[in-house]
Amino acid sequence: MLKAATRRSRAINILLDPPRGEGSYFRNMRGAITFLLSWTSVLCSAQHAVDSTRIADLLATLAERHFAPRIIDDQFSADVYTTYLSALDPDTLFIADDERRSLEPHRLRIDDQLKQGVPTFVRTCDSLMHHGLVRASAIVEHSGGGKVAIHHRWEEKLRAQAAELDVALNANAPTTSSAQEARTLIATRTQGELERRMERGKQERFDLFLATLAGVHDAQSTYLSPEEQNGFEQAMTSTFVGVGIDLVRNGMCLRVEALEPGGPAALSGRIVPGDELVQVSNVDGDLVPVLGMTVDQVVQLLRGPLGSPVTLHVRSAEGGTNAVPMQRATIRPDAGRAQARVLYGDG
């Protein structure tokens, strides 16, 4: 550690006081570093301004158009605090208990922070969540983890999901090898989900905060991010080829909530709301386990050429598993198709 610190100190000294004859090179390097730092600061400031404007616009809209606008006070702040943390990390897999306690001073200050733009509370949560995602990735890869309680929660979560997948795929005779395959598959999919959340995390977490503001202000109000609004409008004005099921993701599982009237799934007579989707055949006819996959990933499996075959394996509420073959058909939104949605958590 001391040697590393010494090397860093020497590097800094060289930049500040370059060796004789090499001043031009180091001056250019210093200039490049200064430019990058300045440009990064400009970008952060610009994004902060955009996010602050979105918050102000949302609160103004709620205040102007709601018949009984809620007062933005300490109680509102406390409700936003509790609701946002519950939605952000419902199972305490990312933000450790001591880290949550460090957020407590923000509980009654969010209303005041909103007047300044993006609340400090949001930025602090964002930093903690990013760190938590990196920590979770290390746990899944068995390369570390740090927080003992969080490490234990992740181990229990992965173990339970692997056991569930093993039973779903090998209901008749689970074996040691099949259990290992299930654990490997769950770890791979979990790692993929963590990477996706790290890539898109900051914006998704900010959109979640805006949705929290709208929901706390009025339980009947729903905030749609620009991406969600675009997807919703496309869904309501276009047709696609698929099987016509409305899926709800709850934790790692995908449950059938509704069937499109006249769609292949409904016409099969063998799939009902409440069934759990276990496997879907791909273009080669191979069955792909869907436990742990995102809704978008499963949608890609369910869609395909008009008239092409696809087989769905579903597990009923009673526990029996059925293989249901069908052919994809054109699904029209005006026939009653609903939008798939994600429920965060494992419950």
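Residues numbered from 1 in each chain as written. Predicted model: local features only at pLDDT ≥ 70, side-chain atom pairs only at ≥ 80, totals over all residues. Heavy atoms only, no water.

On to the overall build of the chain. The secondary structure content of the chain amounts to 11 helices and nine strands. Within the chain, the proportion of its 347 residues that are buried is 39%. Considering only contacts in the chain between residues 6 or more positions apart, those separated by 24 or more positions represent 65%. When the accessible area of the chain is evaluated, it comes to approximately 19,500 Å², of which 56% is carbon and sulfur surface. (Helix = DSSP H or I, 4+ residues; strand = E, 2+ residues; numbered from the N terminus. Buried < 20%, exposed > 50% of the residue type's maximum accessible area, 1.4 Å probe, protein only. Contact = heavy atoms within 4.5 Å. Areas by Shrake-Rupley, 256 points an atom, 1.4 Å probe, with all protein chains shown as cover.)

Let's shift gears to the environment of Ile-71. Locating Ile-71 in the fold gives a position in the loop between helix H2 (23-65) and helix H3 (74-88). Using a relative accessible area of 62% as the deciding quantity, one classes Ile-71 as exposed. Remark: the alpha-carbon pair of Ile-71 and His-217, spanning 146 residues in sequence, is separated by 8.6 Å.

What follows deals with the pairing of strand E6 (residues 309-315). Across the seven residues that make up E6, a large majority, five, are buried. Relative to E6, strand E4 (residues 276-281) runs antiparallel, the two sharing four bridges. Note that in E6 the partner of Val-280 across the bridge is Leu-312. (Pairing = 2+ DSSP bridges.)

This part takes up the nonpolar core. In this structure, Ile-55, Phe-94, Leu-114, Phe-121, Trp-154, Phe-209 and Leu-213 are the most contacted members of the largest nonpolar core, which totals 44 residues. Among the elements of the structure, H2, H3, helix H5 (110-114), helix H6 (120-140), helix H7 (148-169) and helix H8 (176-217) are those that each provide at least two residues to this core. Setting aside chain neighbours within four positions, we find Phe-209 in contact with Ile-55, Val-80, Tyr-84, Ile-110, Leu-114, Pro-119 and Val-122. Grouped together as the second largest cluster of nonpolar side chains are 21 residues, Val-243, Ile-271, Val-298 and Leu-302 included. (Core = buried A, V, L, I, M, F, W, Y, C linked by side-chain atoms within 4.5 Å.)

The pLDDT averaged across the chain works out to 79; a share of 76% of its residues lies at or above 70. Per-residue pLDDT, averaged within each element of the chain, yields its smallest value for helix H1 (residues 2-16) (42) and its largest for H3 (96). Contacts for the low-pLDDT stretch residues 1-16, under 50 throughout, to residues beyond four places or in other chains number eight contacts. Overall, residues 336-347 carries pLDDT values under 50, and its contacts beyond four positions in sequence, including any with other chains, amount to 38 contacts. (pLDDT = per-residue confidence, 0-100.)

A few words now on the packing of aromatic side chains. For the structure shown, the criterion picks out four aromatic pairs. With a centroid separation of 5.3 Å and an interplanar angle of 35 degrees, the aromatic rings of Tyr-81 and Phe-121 are classed as tilted. Note that Tyr-81 is positioned in helix H3 and Phe-121 in helix H6, a separation of 40 residues in sequence. Judged by relative accessible area, which is 3%, Tyr-81 ranks as buried. Phe-121 gets classed as buried once you look at its relative accessible area, which sits at 0%. Aromatic pair Tyr-84 and Phe-209: ring centres 5.4 Å apart, planes at 85 degrees, arrangement edge-to-face. Taken together, the residues span a long stretch of sequence, with Tyr-84 in helix H3 and Phe-209 in helix H8 at a distance of 125 residues. (Phe/Tyr/Trp six-rings, centres within 6.5 Å; stacked < 30°, edge-to-face > 60°.)

What follows is about the side chain of Ser-281. Residue position: Ser-281 is located in strand E4. Since its relative accessible area comes to 6%, Ser-281 is described here as buried. Reaching out from Ser-281, the side chain makes a polar contact with the backbone nitrogen of Thr-311 at a distance of 2.8 Å. Leave out the neighbours within four places in its chain, and Ser-281 touches Asp-286, Leu-287, Leu-301, Val-310, Thr-311 and Arg-328. (Polar contact = N/O pair within 3.5 Å; in protein donor to acceptor, adjacent residues only side chain to side chain.)

Bringing helix H11 (residues 295-302) into the picture now. Val-295, Val-298, Leu-301 and Leu-302 are the residues of H11 that are buried. Mapping the buried residues of H11 onto a view down its axis gives an arc of 115 degrees, with all of them on the same face. Set apart from the buried face of H11 by more than 90 degrees, the exposed residues are Asp-296 and Gln-300. (Arc of directions from axis to C-beta.)

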